[in-house]
Each structure stands twice: as C-alpha cells, then as structure tokens.
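Each chain, written out:
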Amino acid sequence: MLLKDNHWAGGQDVGACVDEARRRYPGILIELEAADMDQVVRALAAEADVVLLDNMTSARLREAIAFIRKHA
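As a starting point, this report considers the structure included with it. (Residues numbered from 1 in each chain as written. Predicted model: local features only at pLDDT ≥ 70, side-chain atom pairs only at ≥ 80, totals over all residues. Heavy atoms only, no water.)

Let us now look at the sheet that holds strand E3 (residues 50-53). Spatially, E1-E2-E3 is the arrangement adopted by the three strands of the open sheet, whose pairing is parallel. In this open sheet, the two strands that pair with only one neighbour each are strand E1 (2-3) and E3. Here strand E2 (residues 31-34) pairs with E3 via four bridges, running parallel. Paired with Glu31 across the bridge in E3 is Val50. (Pairing = 2+ DSSP bridges. Helix = DSSP H or I, 4+ residues; strand = E, 2+ residues; numbered from the N terminus.)

This next bit is on the packing of helix H3 (residues 37-45) against helix H4 (residues 58-71). Viewed as axis vectors pointing N to C, H3 and H4 meet at an angle of 20°, and their least axial separation amounts to 10 Å. Of the possible angle classes, the one that applies to H3 and H4 is roughly parallel. In the packing of H3 onto H4, the handedness of the crossing is right-handed. Residues Met37, Val40, Val41 and Leu44 of H3 lie in contact with H4, whose contacting residues are Arg60, Glu63, Ala64, Phe67, Ile68 and His71. Of the residues contributing to the contact of H3 with H4, the split by class is seven nonpolar, one polar and two charged. (Axes fitted to C-alpha atoms, helices over the stretch in contact; angles between N-to-C directions. Parallel < 35°, antiparallel > 145°, perpendicular 65-115°, else oblique. Left-handed = near helix turned anticlockwise from the far one by under 90°. Contact = heavy atoms within 4.5 Å. Nonpolar A, V, L, I, M, F, W, Y, C, P; charged D, E, K, R; others polar.)

A separate point is the pattern of salt bridges. In this structure the tally under the stated criterion is six salt bridges. Ionic pairing is found between Asp49 and Arg22, a salt bridge with its closest N-O pair at 3.3 Å. Taken together, the positions of Asp49 in the loop between H3 and E3 and Arg22 in helix H2 (residues 14-24) put the pair 27 residues apart, joining distant regions of the chain. You can call Arg22 partly exposed: its relative accessible area is 29%. Here the residues in one salt-bridge network are Glu20, Arg23 and Arg24, joined through shared partners. (Salt bridge = Lys/Arg side-chain N within 4 Å of Asp/Glu carboxyl O. Buried < 20%, exposed > 50% of the residue type's maximum accessible area, 1.4 Å probe, protein only.)

See below:
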C-alpha cells in the first residue's frame, strides 16, 4: 500500500496511518512517499517497509539514501 506524502503531510501522525493500514490489511507492505528529509525521518520512525523518495534533487537523494542506510 502506498501512502503518499499528501495523505500524511501537515503534521498528521504517520505512525498512526501505518498502524491503521496494517490493522485493516494485515500482511500488506507499507510504502511511504517522502519528498523531504523530515518525511524520510518520519517514514523510518513509522517503520515503513519501503520509502519512496520523490521529487528530490540529486544531492537531496544522496543525503536521504545515506540517512536511510544508517538508520533503517
């Protein structure tokens, strides 16, 4: 299941979104779209199975990938 960043932008609790998706659809993989580093951090904290890096510059992609490798 893909939860796009506009589903959980604006301060919504992404962890609650992931928990609700897992409750409703047990066993499904949860993919979170992240358009900035704050969303990457929140996606990892929510224990997403996959983080989709979207609309980032090459430099920001490298930063996000390095962060994910270190923290996932």
